[in-house]
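# Results of the structural survey
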Amino acid sequence: MALQSLDIKQRSATTTPAPSVRKTAEVAKLIDVSACIGCKACQAACMEWNDIRDEVGINYGVYDNPVDLTAKSWTVMRFAEVEEKGRLEWLIRKDGCMHCGDPGCLKACPAPGAIVQYANGIVDFHEENCIGCGYCVTGCPFNIPRISKEDSKAYKCTLCSDRVAVGQAPACAKACPTGAIQFGSKEDMKDYAAKRIGDLKERGFDKAGLYDPAGVGGTHVLYVLHHADRPQLYNGLPADPGISPLVSLWKGMAKPLASLALGAVALGSLFHYVMKGPNEVSKETEKEVEKEGSQ
Amino acid sequence: MIRDPKDLQRYTPQERANHWVVGISFILLALSGLAFFHPAFYPLTYLFGGGTWARILHPYIGVFMAFFFVLMFLRFRKLNAMTKTDKEWLSRIGEMVDGDDHNMPEQGKYNGGQKAMFWASVVCMVLLVVSGVLIWRAQFSPPLELVRFGAVVHAVAGAAMIALIMIHVYAAIWVKGTIRAMWYGTVTRAWAKQHHRAWYREMTGK
Ligand code: HEM
Ligand code: SF4
Ligand code: SF4
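Residues numbered from 1 in each chain as written. Chains lettered and ligands numbered in written order. Predicted model: local features only at pLDDT ≥ 70, side-chain atom pairs only at ≥ 80, totals over all residues. Heavy atoms only, no water.

## Quick look at a negative patch on the surface
Selection criterion: Residues enter a patch when their relative accessible area is above 30% and they make no salt bridge; the linking distance is 9 Å between like charges and 5 Å between nonpolar side chains (Val, Leu, Ile, Met, Phe, Trp, Tyr). With residues, only the protein chains shown are counted as cover, and all accessible areas are computed by Shrake-Rupley using a 1.4 Å probe. The rule for a salt bridge is simple: a side-chain nitrogen of Lys or Arg has to be within 4 Å of a carboxyl oxygen of Asp or Glu. The sign given to each residue is positive for Lys and Arg and negative for Asp and Glu; His and the chain ends receive no count. Taken as the charge location is NZ of Lys, CZ of Arg, CG of Asp or CD of Glu. A run of H or I in DSSP counts as a helix once it spans at least four residues, and a run of E counts as a strand once it spans at least two, with each numbered from the N terminus.
A cluster of acidic residues, Glu 26, Glu 187, Asp 188 and Asp 191 of chain A, forms a negative patch on the protein surface. By the secondary structure assignment, Glu 187 of chain A is in helix 6 (residues 186–202).

The following block contains the structure:
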């Protein structure tokens, strides 16, 4: 979805600067997992604001509903039951796009302008430019984008880029009844998180901390975790996410170099022809063959 | 078409048709593939009706090409078995490239370079088909790490095969009297004697 156009930091498959005259402050959404009660008001608000209704699915015997992200469900509460120090802990994580500082999806996308990153840090898919190749799925370290079965376009959370562009908080943050979802400048969110983490530590969660993984250049969706030392507890949140080395290899310097090499082969052939001349049948051989023929 | 009754038949109509089907599919695949390879080539998608069409068509053309490539492989694989003379020819390829082929070892229907080209394309094609299926999101969804690996292999093998075929085409242009072999199947006796003397003897008994 696209609205802003003057503050684009990065644009997929584009080698020249994108329009970037307008500077905006970096924003972030802070998800305080310790304050989430799993009511899914945010899921409902997301559907409502974006005006998308997923098909009614089936119950898989767990609270997760739908059971996974889809092209029509951009955020999903993931419930994990974990035993810690002999006590049951219900860890509920709101899953969705992390709006990475260094987005693997954008790096992998071959279609110019199908993915953009705004100066405020939001990573947005522009579906009208999307060709449906699924490279973004290959590039994302968090397994977020989903290709629609109906139109073959890639969809994911926009961080309500349309609301943020006009100074509003994302719909999920507005709807959360416990204040577990906060929205503001990234700096403010970090300060807020520090207070929450201090609180948690006082309550005995001495490993509480902020999830803002450096491996993807930091994110614009932050988690406060009671067990920041083991993010995997929260339904497999990666401990040290980063763009896969295979993706970096695939999308790195090798490609422009290979393109140049192909150009060199083409030009090399031309110059070989021009400098060495064509390889023609010699007059001598022609005469020999003629003689043989008349014998 | 018979231009001169003395010309030598090098390819049957079936072989020529097979080669052209593979050749045309390859060009379409290279153009659509390059479009995704690097943004500099993205405008090539317009040849196919836009990015989405290029994305849809490429893998189907790939499967089509793979089928005819297998047929062509079966037709030509025996003729491309490497011999000791081929290896010697290859070790002296510099002289050939330099434009002086007078002292090159005598060659049969194909020279060492052509055979090396044949086997290199076979390897690339196998890699492209396997990796192409792995990254075909519209049809399959293998484990992510495998898709990532497939993407690297497909890009490398695609670029390598495009380079190989550019050399293949240039060689045909460079060696005068060669391209007609793929148009109407025949070559002149003098061409055969100069470039593939052992084959010339075999065909003419001279
Ligand atoms: C059975 C054979 C093949 C299959 C199934 C296949 C499939 C694919 C798929 C699925 C893609 C991703 C874009 C898309 O979704 O359309 C792709 C990209 C590509 N293909 Fe193929 N392909 C095949 C053969 C070939 C051949 C023979 C070439 C040789 C030139 C080629 C060159 C490329 C290139 C250069 C790319 C871009 C890779 C990148 O983005 O890094 N493909 N192919
Ligand atoms: S599916 Fe769309 S957004 Fe994803 S990489 Fe392909 S063109 Fe880009
Ligand atoms: S989480 Fe995935 S989809 Fe979201 S910005 Fe990061 S790489 Fe892109």
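## What about the coordination of the iron atom of ligand 1?
Residues and elements named next belong to chain B. Short version of the rule: Atoms of type N, O and S within 2.8 Å of a metal are treated as its donors, and for Na, K and Ca the window is 3.2 Å; water is not considered, so some sites may appear to be missing partners. A site with four donors is called tetrahedral when every donor-metal-donor angle falls between 85 and 135 degrees; four donors are called square planar, and six octahedral, when opposite donors sit more than 155 degrees apart and all other angles fall between 65 and 115; any other arrangement is irregular. Partly exposed describes any residue whose relative accessible area lies between the buried limit of under 20% and the exposed limit of over 50%, with all areas from a 1.4 Å probe on protein chains only and scaled to the type maximum.
With distances of 2.0 Å, the protein atoms coordinating the iron atom of ligand 1 are His 58 (NE2) and His 154 (NE2). Of note is the iron atom of ligand 1, whose six donor atoms meet at the metal with angles of 84 to 179 degrees in an arrangement that counts as octahedral. Placement of the pair is His 58 in helix 2 (residues 51–76) and His 154 in helix 6 (residues 144–174), with a sequence separation of 96 residues. His 154 shares its class with His 58; the two are buried.

## Quick word on the site of ligand 1
What counts, and what does not: In these notes, residues near a molecule or strand are those with any non-hydrogen atom within 4 Å of it. Pairing of N or O atoms within 3.5 Å defines a polar contact, subject to two protein rules: one partner must be a possible hydrogen donor and the other a possible acceptor, and residues neighboring in sequence count only if both atoms are side-chain atoms.
The environment of ligand 1 is made up of 23 residues, and the closest members are Tyr 135, Trp 250 and Lys 255 of chain A together with His 58 and His 154 of chain B. Surrounding ligand 1 are residues belonging to chains A and B, so the site spans chains. One of the side-chain nitrogen or oxygen atoms of Lys 255 of chain A is found 2.6 Å away from an oxygen atom of ligand 1. Within the side chain of His 154 of chain B, an N or O atom sits 2.7 Å from a nitrogen atom of ligand 1.

## Section: the packing of helix 1 (residues 13–37) of chain B against helix 2 of chain B
Residue and element names in this part refer to chain B. Convention followed: The axes are straight lines fitted to the C-alpha atoms, using for helices just the contacting stretch, and the angles between their N-to-C directions are given from 0 to 180°. Take the far helix as your reference; a near helix turned counterclockwise from it by less than a right angle gives a left-handed crossing, and one turned clockwise gives a right-handed crossing. Put simply, Ala, Val, Leu, Ile, Met, Phe, Trp, Tyr, Cys and Pro go in the nonpolar bin, Asp, Glu, Lys and Arg in the charged bin, and everything else, Gly too, in the polar bin.
With their axes 8 Å apart at the nearest point, helix 1 and helix 2 run at an angle of 150 degrees to one another. Crossing geometry of helix 1 relative to helix 2 is assigned as left-handed. Classifying every residue of the contact of helix 1 with helix 2 gives 15 nonpolar, nine polar and three charged.

## Describing the domain arrangement of chain B
All names here are of chain B. The criterion, for reference: By convention here, the domain bounds are inherited from an automatic or database domain assignment. We call two residues in contact whenever any of their non-hydrogen atoms come within 4.5 Å of each other. Here the buried area means the combined drop in accessible surface, using a 1.4 Å probe, for two parts upon being joined, counting both sides.
Segmenting chain B into domains produces domain 1 (11–76) and domain 2 (81–91 + 109–186). For domain 1 versus domain 2, the distance between C-alpha centres works out to 12 Å. On the domain 2 side, the residues contacting the 19 residues of domain 1 number 22 residues. Interface area, domain 1 with domain 2, both sides summed: about 1,900 Å², of which 76% is carbon and sulfur. Of all residues in domain 1, Tyr 11, Phe 26 and Phe 69 bury the most surface against domain 2, accounting for 31% of the area lost on that side. At the boundary of domain 1 with domain 2, the tally comes to five residue pairs in polar contact (both at pLDDT 80 or more). Per-class residue counts for the side of domain 1 that touches domain 2 are 14 nonpolar, three polar and two charged.

## Remarks on the nonpolar core
Going by this rule: To qualify as a nonpolar core, a set must consist of buried Ala, Val, Leu, Ile, Met, Phe, Trp, Tyr and Cys residues joined through side-chain atoms within 4.5 Å.
In this structure, Ile 115 and Trp 250 of chain A together with Met 65 and Met 161 of chain B are the most contacted members of the largest nonpolar core, which totals 75 residues. Per-element tally for this core: the top contributor is helix 6 of chain B, with 13 residues. Leave out the neighbours within four places in its chain, and Met 161 of chain B touches Phe 26, Met 65, Phe 69, Ser 121, Cys 124, Met 125 and Leu 128 of chain B. The next biggest cluster of nonpolar side chains, apart from the first, holds 35 residues, and it includes Trp 74, Cys 100, Val 216 and Tyr 223 of chain A.

## Notes on the sheet that holds strand 11 (residues 221–225) of chain A
Residues and elements named next belong to chain A. This is how the line gets drawn: For two strands to pair, DSSP has to find at least two bridges joining them.
Here we have four strands laid out as an open sheet, ordered 9-2-11-10, and mixed in their pairing. Because the sheet does not close on itself, it has two edges, and the strands there are strand 9 (181–185) and strand 10 (209–211). Across the sheet, the mean angle from the axis of one strand to that of its neighbour is 25 degrees, orientation sign disregarded. Here strand 10 pairs with strand 11 via three bridges, running antiparallel. In the sheet register, Tyr 211 faces strand 11, and the bridge partner there is Tyr 223. Against the sheet, helix 6 contacts strand 2 (27–32), strand 9, strand 10 and strand 11, and its axis sits at roughly 140 degrees relative to strand 9.

## Remarks on the confidence of the model for chain B
Selection rule: A residue's pLDDT is simply how confident the predictor is in it, with values from 0 to 100.
Per-chain confidence: chain B averages 95 in pLDDT, with 99% of residues scoring 70 or above. For this predicted complex, the interface confidence comes out at an ipTM of 0.93, alongside a pTM of 0.95.

## Some details on the side chain of Lys 186 of chain A
Residue and element names in this part refer to chain A. Structurally, Lys 186 is set in helix 6. A polar side-chain atom of Lys 186 sits 2.9 Å from the main-chain carbonyl oxygen of Thr 219. Beyond its immediate sequence surroundings of up to four residues, Lys 186 is in contact with Glu 26, Val 27, Ala 28, Asp 212, Gly 218, Thr 219, His 220 and Leu 222.

## Description of the interface of chain B and chain A
With 42 residues of chain B in contact, the opposing surface of chain A contributes 49 residues. With both sides pooled, the region where chain B packs onto chain A buries about 3,900 Å², and carbon together with sulfur makes up 64% of that total. At the surface where chain B touches chain A, the tally comes to three salt bridges. Between Glu 288 of chain A and Lys 193 of chain B there is a salt bridge, with the nearest N and O atoms lying 2.9 Å from each other. The tally of links between chain B and chain A comes to 22 residue pairs in polar contact (both at pLDDT 80 or more). Those elements that provide at least two residues to the side of chain B that touches chain A are helix 1, helix 2, helix 4 (93–97), helix 6 and helix 8 (189–195) of chain B. No other element matches helix 6 of chain B, which puts 16 residues into the side of chain B that touches chain A. Tallied by class, the residues present in the side of chain B that touches chain A amount to 26 nonpolar, five polar and eleven charged.

## Section: the packing of aromatic side chains
What counts is decided by this rule: In summary, the pairing rule links any two rings of Phe, Tyr or Trp, Trp by its six-membered ring, whose centres are within 6.5 Å, and it sorts them by plane angle into stacked for under 30 degrees, edge-to-face for over 60 and tilted for everything else. Here, a charge over a ring is recorded when the distance from Lys NZ or Arg CZ to the ring centre is within 6 Å and its angle to the ring normal is within 35 degrees.
Considering all chains together, one arrives at 16 aromatic pairs over all chains under this definition. Here the aromatic cluster, defined as three or more aromatic residues joined through ring pairs, consists of Tyr 63, Phe 79 and Trp 90 of chain A. Over the aromatic face of Trp 250 of chain A sits the side chain of Lys 251 of chain A, whose NZ or CZ is 4.7 Å from the ring centroid. Between the NZ or CZ atom of Lys 255 of chain A and the centre of the ring of Phe 37 of chain B, over which it lies, the distance is 4.9 Å.

## Brief notes about unusual backbone geometry
Residues and elements named next belong to chain A. Cis geometry marks the peptide bond from Asn 65 to Pro 66, where omega comes out at -5 degrees. Along the chain, Pro 66 turns up in the loop between helix 1 (41–50) and strand 3 (76–84). One non-glycine residue with positive phi stands out, namely Lys 85, at about 50 degrees. Assessed through its relative accessible area of 75%, Lys 85 is described here as exposed. You will see that Leu 159, though not glycine, has its phi angle at about 55 degrees, which is positive. Inspection of the secondary structure assignment puts Leu 159 in the loop between strand 8 (154–155) and helix 4 (161–165).

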